[in-house]
Structures are given as C-alpha cells and as structure tokens.
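One-letter residues, chain by chain:
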Amino acid sequence: MSVCGLRVIKPGPLTLLQDRGRFGYQHLGLSPGGAADEHAFLWANRLLGNASNAPALEITLGGLSLAVERSLQIALTGADLRASVNGRSLKPWRTHTLAAGDRLQFGYASDGVRGYLAVRGGFEVALCFGSVATVTREKMGGLDGVGSPLQAGDELACPEMGLVAERSVPSRFIPDYRQPLTLRLMASEHKGWFSAAALERLYRSEYRLSPRSDRMGARLEGEAVESLVGGIVSEPVPFGAVQVPPDGVPIVLLKDRQTIGGYPKLGTVHPLDAFALAQRQPGCPIRFAPVTVENCAEQYNEFQGFMDGVRVS
C-alpha cells in the first residue's frame, strides 16, 4: 500500500524525480535522462536496501523544504546541502528516520551541486516510457509525467515498509567534490580529425568548468582544440561524449544530452568521471588523461559489481 510520505513546501531551484534513466528510446529522439551523479544515487538506494533503480529526488543546489506526513526512513547522499529536521542537522551519506509532523529542510550546497534523497522502498511514481526520469526539455517523466520539476504542494507517495538498521557509507567511499578533477578519456574513431599538436594541447591544458553547464552538458573554459574538419553528419552521441564545437572548447555531454550530434568528438569520458563532473561547481579545474576502453570497462564493471554486493555499516 502506498501513502503520501512527503509533501513539498518549497521546491528549491530544481528538484527532480530521477532513476537510472530511460533506455531503448533514443531512436525516437528521447534522451535517457536519469540521475546526473549515478554514484551518489546508487549509494542512496543501497543504504536503504532498495532496488538500484528505485526513484529518488535529485536536489540541485538545495533550497528544498518538505513536510513529513508519516514516519519513514530516508538516505541522503551526494552534495552536502546542509539538511536539517526541525532545526537539527542531518549528515549526508547515511540513513535517518523521520516522524510524522517533522519538517525536513535543505540549505544550499557547501560542496558539490546535487544531493540525493531516497526513501525506504522508493517513491511510487507512474512510469513514462519505462522510467520516471525527469527531462524538462522533452517534457518527459517526473511526478506529473510531463517533465515538470517538483512544485509546492506536490505529494510524494512511498510504500509502507519496515525499517532497516541505521547505516552510513564508509568514509573511504565518500568523494570530495571540492577537488580538481581529471577526466579519463577513451579516444573515439574521430581521433584522426585532430592533429597531434591539438591532442597534445588537450592533455596538457587545465580547463575550468563553465557556469553555463547543466544536466545536458558540462561546458569548459580554456584552450581551444581545433578540428581538421568542420561539422559532420549527425550521429548518435553516448553519455560522456566530448564534442568540439566551432570555438574549439570541449563540451562533455551528460544525462540530458541530445540523442544525435554534428560536432566531431575527441572521445568518451569514463562514466565514473562523468558522474563526478556532474558534482563540480563552476570554476573547478578540469584536466583530461588518456585511457583505454578495456581499462574503463574493467573499472566500470567492478563498480557495478561492488554496488550490487557491497556491505555498509
């Protein structure tokens, strides 16, 4: 049985319902969407013993205020958004038990960009093309099915389930979003469209994350990397693709990316690094380093296996 667990008092700048994304529909022009930082999203569900794809809230920058309608258990991960209940601080990267009548509030990010709030059993939301992932540009998914961010008065239903023992993520697995980030880059078939000098410039340069970045892509500021060709015939673009527009400054495509693109691509960023990139604030130093596809596949498979079998304390 599902009942209202949380009611939105203030939605903050951008609070979205997300799961791992909408797959199998890119041929229809639908972006996969999904949690921008899948690492933090998966930990939130894992702490509560939820299915890995259980819908959770992605809270961008903070500012969210929620009324607790009945007792429930939550997990907070990702950016430290200075959460509190009835004025008492709540630490991220752990579970918390709330009571009916509590008021859950979030300040604004002290580090990182996006915090994740999961509830025991996951929020109950109707699927839209196989997912609840909210893609506002495409008017797809979310609580209303048409891609709207959460609004004041929205009610979030969740199943009545027993509680798990209070848990926290071991400190060695908690990322520091304030640190400079090196993006491991798998070269694409377009590598030959860039001169050796341009590629050398890419790997020796330090970029800065632009404030124009969003869920669609991370825009960088810094050295241009000129392509030997202009536009190309539009082709599918994967998560983490590094496109080079006419100005030569790379753009890393993220979860709400377009399905096809006509700019040459330097390669694809390691998924774990793309998750971390979604948590960096504007101005963060960004570098690139080459890596093989085989190495990325091994590390990503290890990560997935870890999340499927990890034990938390």
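Here, the structure is the one placed above.
Note that the structure is a prediction, hence the values are computed from the model and not measured.

K.L.:
Just to check I follow, could you spell out helix α1 (residues 38-48) for this structure?
P.N.:
For an α-helix the count is 3.6 residues per turn, leaving residues at separations of three or four pointing the same way. For α1, the buried fraction is high: 10 of the 11 residues fall into the buried class. Turning to α1, its buried residues number three or more, namely Glu 38, His 39, Ala 40, Phe 41, Leu 42, Trp 43, Ala 44, Asn 45, Leu 47 and Leu 48. Structurally, the start of α1 carries an N-cap: the backbone nitrogen of His 39 is 3.2 Å from a side-chain oxygen of Asp 37. One or two steps after α1, the chain reaches Gly 49, where phi turns positive at roughly 75 degrees.

K.L.:
Even after reading the chapter, I still don't get the nonpolar core, so can you show me in this structure?
P.N.:
Looking at soluble globular proteins, one finds that nonpolar side chains tend to be buried together. Ranked by internal contacts, the top residues of the largest apolar core, which has 46 residues, are Leu 183, Val 252, Leu 266, Val 269, Leu 277, Ile 286 and Phe 288. At seven residues, the largest contribution of residues to this core is made by α1. When near neighbours in sequence (up to four residues on either side) are disregarded, Phe 288 contacts Thr 182, Leu 183, Leu 185, Leu 202, Tyr 203, Tyr 207, Leu 220, Val 242, Val 252 and Val 269. Within the second largest apolar cluster, 27 residues are counted, among which are Val 8, Ala 79, Val 119 and Cys 158.

K.L.:
Help me understand the environment of Ala 35 in this model?
P.N.:
Residue position: Ala 35 is located in the loop between β2 (14-18) and α1. Apart from the residues within four sequence positions on either side, Ala 35 is in contact with Gln 18, Asp 19, Phe 41, Glu 58, Tyr 116, Arg 215 and Lys 255.

K.L.:
Would you explain the packing of α1 against helix α4 (residues 293-309) in this entry?
P.N.:
Geometrically, a packed helix pair is captured by the angle between its two axes and the distance between the axes. With their axes 10 Å apart at the nearest point, α1 and α4 run at an angle of 20 degrees to one another. As the angle between them shows, α1 and α4 are arranged roughly parallel. Every pair of crossing elements has a handedness; the one defined by α1 and α4 is right-handed. Between α1 and α4, the residues in contact are Glu 38, His 39, Leu 42, Trp 43 and Arg 46 and Tyr 300, Phe 303, Gln 304, Phe 306, Met 307, Asp 308 and Gly 309, respectively.

K.L.:
Looking at this structure, I do not really get helix α2 (residues 196-204). What am I missing?
P.N.:
Every buried residue belonging to α2 is among Ala 198, Leu 199, Arg 201 and Leu 202, and all of these are buried. Along α2, the residues classed as buried sweep out an arc of 155 degrees about the axis, all on the same side. Next to the buried residues of α2 lie β12 (181-187), β13 (207-209), β19 (265-269) and β20 (285-290).

K.L.:
Please explain the pairing of strand β3 (residues 56-60) as it appears in this structure.
P.N.:
Within a regular beta strand, the side chains point alternately toward one face of the sheet and then the other, so they alternate between its two faces. Buried residues dominate β3, accounting for five of its five residues. Judged by which residues are buried, β3 turns out to be covered on both faces: Ala 56, Glu 58 and Thr 60 on one side and Leu 57 and Ile 59 on the other are all buried. Taken together, the five bridges between β2 and β3 define a ladder with antiparallel strand orientation. Bridging across to β3, Leu 17 finds its partner in Leu 57.

K.L.:
In this structure, what is going on with the packing of aromatic side chains? I would like to understand it.
P.N.:
Think of a pair of aromatic rings as described by two things: how far the centres are apart, and how the planes are tilted against each other in angle. This structure, assessed with the given rule, holds eight aromatic pairs. Here the aromatic rings of Phe 173 and Phe 306 are separated by 4.9 Å at their centres, their planes lie at 55 degrees, and the arrangement is tilted. Of this pair, Phe 173 sits in the loop between β11 (155-159) and β12 while Phe 306 sits in helix α4; the two residues are 133 residues apart in sequence, bridging distant segments of the chain. The class of Phe 173 is partly exposed, set by a relative accessible area of 25%. Between Tyr 300 and Phe 303 the ring centres are 6.0 Å apart and the planes differ by 35 degrees, which places this aromatic pair in the tilted class. Of this pair, Tyr 300 and Phe 303 both sit in helix α4, three residues apart, which is roughly one turn of that helix. On the basis of relative accessibility, which here comes to 22%, the residue Tyr 300 falls in the partly exposed class. According to the relative accessible area criterion, Phe 303 is buried, its value standing at 9%. One aromatic cluster is present, built from ring pairs that chain together Trp 43, Phe 173 and Phe 306. Its guanidinium or amino end placed over the ring of Phe 239, Lys 255 lies 5.4 Å from that ring's centre, counting from NZ or CZ.

The rules behind these values
Residues numbered from 1 in each chain as written. Predicted model: local features only at pLDDT ≥ 70, side-chain atom pairs only at ≥ 80, totals over all residues. Heavy atoms only, no water. Buried < 20%, exposed > 50% of the residue type's maximum accessible area, 1.4 Å probe, protein only. Helix = DSSP H or I, 4+ residues; strand = E, 2+ residues; numbered from the N terminus. Polar contact = N/O pair within 3.5 Å; in protein donor to acceptor, adjacent residues only side chain to side chain. Core = buried A, V, L, I, M, F, W, Y, C linked by side-chain atoms within 4.5 Å. Contact = heavy atoms within 4.5 Å. Axes fitted to C-alpha atoms, helices over the stretch in contact; angles between N-to-C directions. Parallel < 35°, antiparallel > 145°, perpendicular 65-115°, else oblique. Left-handed = near helix turned anticlockwise from the far one by under 90°. Arc of directions from axis to C-beta. Pairing = 2+ DSSP bridges. Phe/Tyr/Trp six-rings, centres within 6.5 Å; stacked < 30°, edge-to-face > 60°. Lys NZ or Arg CZ within 6 Å of the ring centre and 35° of its normal.

All quantities given are derived from atomic positions and should not be read as evidence of function.
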